[in-house]
Amino acid sequence: FFGIHFSNSSQSWIDGNQLQGFGQAEHQIGNGIHLWKCNHVTITNNTIKGHRDGIYFEFVTNTLITNNHSEHNIRYGLHFMFSHNNEYRENTFKNNGAGVAVMYTAGVKMIDNTFEHNWGSSSYGLLLKDIRDSFVSGNRFVENSVGIFMEGSSRIEFTGNTFARNGYAIRLQSSCDGNTFKQNNFSGNTFDMATNGSLV
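## What to know about the overall build of the protein
At step 1: A count of helices and strands for the protein gives zero helices and 24 strands.
At step 2: Relative to the 2.2 N^0.38 estimate, which gives 16 Å for 200 residues, the radius of gyration of the protein is 16 Å and therefore close to what a compact globule would have.
At step 3: The principal-axis extents of the C-alpha atoms in the protein amount to approximately 50 × 30 × 25 Å.
At step 4: Across the 200 residues that make up the protein, the buried fraction comes to 52%.
At step 5: In the protein, of all internal contacts separated by at least 6 residues, the share reaching a separation of at least 24 is 42%.

Dropping the structure here:
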């Protein structure tokens, strides 16, 4: 049901695995790499395909996820909640049901990742929901329905990201505040940025 499942673990290393699932619906299969209540884990050089979520974290801290390839998963390429002070670097999330979801979390660093071709009526490259004090830099958002969708998120710095050929590059809800956008590149998007708020 799960590819790799860690619970109440620390100081662990998950490296160089090929995980292939064959579920046709979310209830038929678990996650490729599933961590619950773990800390100080390194996840690197893995390929995850065909699961519910490629990588799933809940209550996971101080963990590095680098150089993984998560593709054709039913729900999210990466999904994490209540997981603080983690770093995601140089991963590829491609052709997943709804890209990557980051929820109820602080102190996240997402650097030099690729979010590509996550299409659908409720799909996006990256969902940020109730996130604070985080850093998103040097990422590529290419051909997603929405590159980044933000809700209830505060004090995030977006620097040097590339948004190319997305429907919406960024959808910023009015529940967000204190976010900074610097030196990002926008090319060939239908809409570069949209919000449901106003300046008044």
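Picking up where we left off.
## Observations regarding a nonpolar patch on the surface
At step 1: A cluster of nonpolar side chains, W36, F59 and F82, forms an exposed patch at the surface whose accessible area comes to about 270 Å².
At step 2: Structurally, F59 can be placed in the loop between strand 7 (55-58) and strand 8 (64-66).

## Some thoughts on the side chain of S134
At step 1: Tracing the backbone through its elements, the reader meets S134 in strand 16 (residues 126-137).
At step 2: Using a relative accessible area of 9% as the deciding quantity, one classes S134 as buried.
At step 3: A distance of 3.0 Å separates a polar atom in the side chain of S134 from the backbone oxygen of R132.
At step 4: Beyond its immediate sequence surroundings of up to four residues, S134 is in contact with A106, G107, V108, R155, I156 and E157.

Analysis parameters
Residues numbered from 1 in each chain as written. Predicted model: local features only at pLDDT ≥ 70, side-chain atom pairs only at ≥ 80, totals over all residues. Heavy atoms only, no water. Helix = DSSP H or I, 4+ residues; strand = E, 2+ residues; numbered from the N terminus. Rg over C-alpha atoms; globule rule 2.2 N^0.38 Å. Buried < 20%, exposed > 50% of the residue type's maximum accessible area, 1.4 Å probe, protein only. Contact = heavy atoms within 4.5 Å. Patch = residues over 30% accessible without salt bridge, like charges linked within 9 Å, V, L, I, M, F, W, Y side chains within 5 Å. Areas by Shrake-Rupley, 256 points an atom, 1.4 Å probe, with all protein chains shown as cover. Salt bridge = Lys/Arg side-chain N within 4 Å of Asp/Glu carboxyl O. Polar contact = N/O pair within 3.5 Å; in protein donor to acceptor, adjacent residues only side chain to side chain.

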